[in-house]
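# Structure assessment
Here are the chains, one letter per residue:
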Amino acid sequence: MFRMRHMTLTLTGEDLAQLAEALSSLGFWPLEVGLAWLIAEGARRYAADQEAWHELTASGEPHGAPAQLELQRREALAHALSMRARTLARERELDVLRERVNALSAEYTRLRRALFALRNRQRKPSETLQEE
């Protein structure tokens, strides 16, 4: 029976543009058709790699065999690609937060200076009275 899995695919604009160019050279138009094919092909290859991995481990193939290393390399490459867009998105979020923290820090410094200026103004008249 088929097992259903949900997945979220996040691509950067740059990656999407490169995919669109590559898919159009293969004859896919519009882009959505090419992306649907690419996702289906990726899922098919993922399932085939999983099956190959299970067969290799069941056969008693020693760890580090060339076939296992190739499967691990492909898996690592897929992970790196899938992390790229999310990493870039988090970096953009961090940049926005960093700017906000810097703005709040500057505002805090301005308010603190204003507070100390007010305190100094209040102390001066009372210090004058004490001296008299």
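Right, let's talk about the pattern of salt bridges for a bit. Enumeration over the complete set of coordinates arrives at eight salt bridges. A salt bridge links Arg 45 to Glu 41; the nearest nitrogen and oxygen atoms lie 2.9 Å apart. In this pair, Arg 45 and Glu 41 are both assigned in helix 2 (residues 31–58), four residues apart and thus about one turn of the helix distant. Residues Glu 70 and Arg 74 are paired through a salt bridge, measuring 3.9 Å at the closest nitrogen-oxygen approach. Taken together, the residues span about one helical turn, with Glu 70 and Arg 74 both in helix 3 (residues 66–131) at a distance of four residues. The structure contains a network of salt bridges with shared partners spanning Asp 49, Glu 70, Arg 73 and Arg 74.

Right, let's get into the packing of helix 1 (residues 13–25) against helix 2. In contact at an axis separation of 10 Å, helix 1 and helix 2 are set at 95° when each is read in the N-to-C sense. Between helix 1 and helix 2, the angle is such that the two are roughly perpendicular. For the pair helix 1 and helix 2, the contacting residues are Leu 16, Leu 19, Ala 20 and Leu 23 in the first and Leu 31, Gly 34, Leu 35, Trp 37 and Leu 38 in the second. Considering only residue class, the contact of helix 1 with helix 2 consists of eight nonpolar, one polar and no charged.

What counts, and where the lines are drawn
- Residues numbered from 1 in each chain as written.
- Predicted model: local features only at pLDDT ≥ 70, side-chain atom pairs only at ≥ 80, totals over all residues.
- Heavy atoms only, no water.
- Salt bridge = Lys/Arg side-chain N within 4 Å of Asp/Glu carboxyl O.
- Helix = DSSP H or I, 4+ residues; strand = E, 2+ residues; numbered from the N terminus.
- Axes fitted to C-alpha atoms, helices over the stretch in contact; angles between N-to-C directions.
- Parallel < 35°, antiparallel > 145°, perpendicular 65-115°, else oblique.
- Contact = heavy atoms within 4.5 Å.
- Nonpolar A, V, L, I, M, F, W, Y, C, P; charged D, E, K, R; others polar.

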